[in-house]
Amino acid sequence: MESLKMMLILRTTKNMMDSLYEKFKAGYKNGYFVKVGEKAHNMFIGKDEEGRFCFEFRGSFTPVKLIGSKPLAVNQYKDKETSYILRFSLEQDELLGCFAAFGEDLISAAQDITDENLIYHILSDRFQAWKKLFKSDRSRLTEPEIMGLIGELLFLKEKAIPKWGESIALDSWMGPEKTHKDFSCDNEWFEIKTINSGKETVHISSIEQLDSDMPGCLYVYSFEKMSPSYDGLIVNKLIRNILDSLGTHPKNIFLNKLAYFGFDFSPEYDNLVFRKVDENCYLVDSDFPRLKRNLLPLAISKCQYDIILTEIESLKSSL
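Undergrad: For the side chain of Asp105, give the residues involved together with the corresponding values.
TA: Residue position: Asp105 is located in helix α2 (residues 96–109). A distance of 2.9 Å separates a polar atom in the side chain of Asp105 from a polar atom in the side chain of Arg126. What Asp105 contacts, discounting residues up to four positions off in sequence, is Arg126, Trp130 and Lys251.

Undergrad: Outline the nonpolar core, supporting the account with residue identities and numerical values.
TA: Counting residues in hydrophobic clusters, the biggest one holds 76 residues, and the most contacted among them are Phe88, Phe99, Trp130 and Phe254. When residues in this core are grouped by element, the largest group, 11 residues, is from helix α4 (residues 143–164). Not counting residues up to four positions away in its chain, the partners in contact with Phe99 are Phe24, Phe53, Cys54, Phe55, Leu72, Phe88, Leu90 and Phe134. Core analysis: the next-biggest nonpolar cluster, separate from the first, contains 15 residues, Trp189, Leu210, Tyr305 and Leu315 among them.

Undergrad: So, the packing of aromatic side chains: which residues are in play, and what are the values?
TA: Taken as a whole and judged by the stated rule, the model has 24 aromatic pairs. Centre to centre, the rings of Phe61 and Tyr120 are 4.2 Å apart; their planes meet at 5°, and the pair counts as stacked. Taken as a pair, Phe61 in the loop between β3 (53–59) and β4 (72–78) and Tyr120 in helix α3 (residues 116–130) lie far apart in primary sequence, 59 residues in all. In terms of burial, Phe61 and Tyr120 fall into one category: buried. Arranged with centres 5.2 Å apart and planes meeting at 80°, the rings of Phe88 and Phe102 form a pair that is edge-to-face. With Phe88 in strand β5 (residues 84–90) and Phe102 in helix α2, the pair connects residues that are 14 residues apart, well separated along the chain. We classify Phe88 as buried; its relative accessible area is 1%. Aromatic rings pair up to connect Phe24, Phe53, Phe88, Phe99, Phe102, Phe127, Trp130, Phe134, Phe263, Phe265 and Tyr269 into one cluster.

Reading the values: the criteria
- Residues numbered from 1 in each chain as written.
- Predicted model: local features only at pLDDT ≥ 70, side-chain atom pairs only at ≥ 80, totals over all residues.
- Heavy atoms only, no water.
- Helix = DSSP H or I, 4+ residues; strand = E, 2+ residues; numbered from the N terminus.
- Polar contact = N/O pair within 3.5 Å; in protein donor to acceptor, adjacent residues only side chain to side chain.
- Contact = heavy atoms within 4.5 Å.
- Core = buried A, V, L, I, M, F, W, Y, C linked by side-chain atoms within 4.5 Å.
- Buried < 20%, exposed > 50% of the residue type's maximum accessible area, 1.4 Å probe, protein only.
- Phe/Tyr/Trp six-rings, centres within 6.5 Å; stacked < 30°, edge-to-face > 60°.

Following this line, the structure appears as structure tokens:
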């Protein structure tokens, strides 16, 4: 009975989360708001008098100074003698996907809290963590970049977090910072690659990606692109799933990493759906065919190369 109750709660939460973007898109007149969330919290979405999409929290709390960004404005209003309104307003409609995900996180963060002043401070902290994702000059990620991000996210969710725990796994995730190894912790390192199903090679974009005196792992995901109607891997959905599973501090680290990637929850990414066909781990040690900096002529500064996967079958390893 308890497990059934939990399933119903999770299903209700999921349905609420999945629908927030659609609720925004349903259309509102200026100055019109509707209540959102399953709990009794006074949270609302709608449009302000200027026609901007908004998310509001109304309650009794003591405001602190909050500074918005150009795409994401924040304002606080006195409503009644003891009540205030905390309002987040989106100034650029093309970032609505990110704004909806932001609203979902606010609702989720306050779900089991009853103290309105505590809710206010939680929402304020979540706003500070999300601000970096709202950048008006950001270009969309390409399909190969989305595939690469999904591969790193899968490894984070399914391998790194179970292996090291949330905080260490997120600290070890170096891919967004464009360093040489995607994951590195103590004496272990992992380079994550994502290829299209049927491709026979994996591309190594720099000498340093597989160059190390310590043994490491080349982890290769094979994906097949599917139609948008297929129930497969979607980057927005995967990120929301990871966000829902993280504690507050790890969630802040995760959002910062996404900001480094240039990610913004664009609804366009929902059209990029993939099926995971295969995944393999290859031990990178002295027997692995790779280029190493100390074995190259000094005159060579940069180098890229492709590895034929069938030629390293014998190096497959379990993680």
